[in-house]
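Structural description and commentary
These are the residues of each chain, in order.
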Amino acid sequence: MRIDEPGLAGSYEVVERHADGSLLLRPEPELLSDVLRETEGAVFRDEEFVAHLQRVAATRDDLPPGSD
């Protein structure tokens, strides 16, 4: 499911459908290749680096084996 509303924009996976029609959504993980492409050459400082590592850890690895 894709949501375009500001502050919520992104792709989501439907986790649960409730009887009242509401949905429980979970953000779909970013692709590791997209994160690497977006941040290539970036210099991170302190909290930025920690946030970047957390973002990388939450990605879905789509790189072929041995591509490091």
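Just above sits the structure.
Okay, so let's go over this structure. (Residues numbered from 1 in each chain as written. Predicted model: local features only at pLDDT ≥ 70, side-chain atom pairs only at ≥ 80, totals over all residues. Heavy atoms only, no water.)

1. Section: the environment of Leu-25
The condition is simple: Helical segments are the DSSP runs of H or I of at least four residues, strand segments are the runs of E of at least two, and each set is numbered from the N terminus. The contact rule is simple, with two residues in contact once any of their heavy atoms fall within 4.5 Å.
By the element assignment, Leu-25 lies in strand β3 (residues 23-27). For Leu-25, the contacting residues outside a window of four places in its chain are Met-1, Ile-3, Tyr-12, Glu-13, Val-14 and Val-15.

2. Thoughts on the pairing of β3
Cut-off, in case you're wondering: Pairing between strands is defined by DSSP: at least two bridges between the two strands are required.
Note: strand β2 (residues 10-17) against β3, 5 bridges, orientation antiparallel. Residue pairing across strands places Glu-16 opposite Leu-24, the latter belonging to β3. Taken together, β2 and the strand that follows it, β3, pair antiparallel across an intervening segment of 5 residues, in which Gly-21 is found at a positive phi of about 95°.

3. As for the pattern of salt bridges
As a reminder, the rule being used: We define a salt bridge as a contact between a side-chain nitrogen of Lys or Arg and a carboxyl oxygen of Asp or Glu at a distance within 4 Å. Working definition: with a 1.4 Å probe on protein chains only, accessible area under 20% of the residue-type maximum means buried, over 50% means exposed, and in between means partly exposed.
In total, this model carries 5 salt bridges according to the counting rule given. Residue Glu-30 pairs with Arg-55 through a salt bridge whose shortest N-O separation is 2.8 Å. Taken together, the positions of Glu-30 in the loop between β3 and α1 (32-39) and Arg-55 in helix α2 (residues 47-57) put the pair 25 residues apart, joining distant regions of the chain. For Arg-55, a relative accessible area of 24% gives the class partly exposed. The salt bridge involving Arg-37 is made with Asp-34; its shortest N-O contact spans 2.6 Å. Here Arg-37 and its partner Asp-34 are both found in helix α1, 3 residues apart, which amounts to about one turn of the helix. Taking relative accessible area as the criterion, Arg-37 reaches 55% and is therefore assigned exposed. Residues participating in the shared-partner salt-bridge network are Glu-30, Glu-38 and Arg-55.

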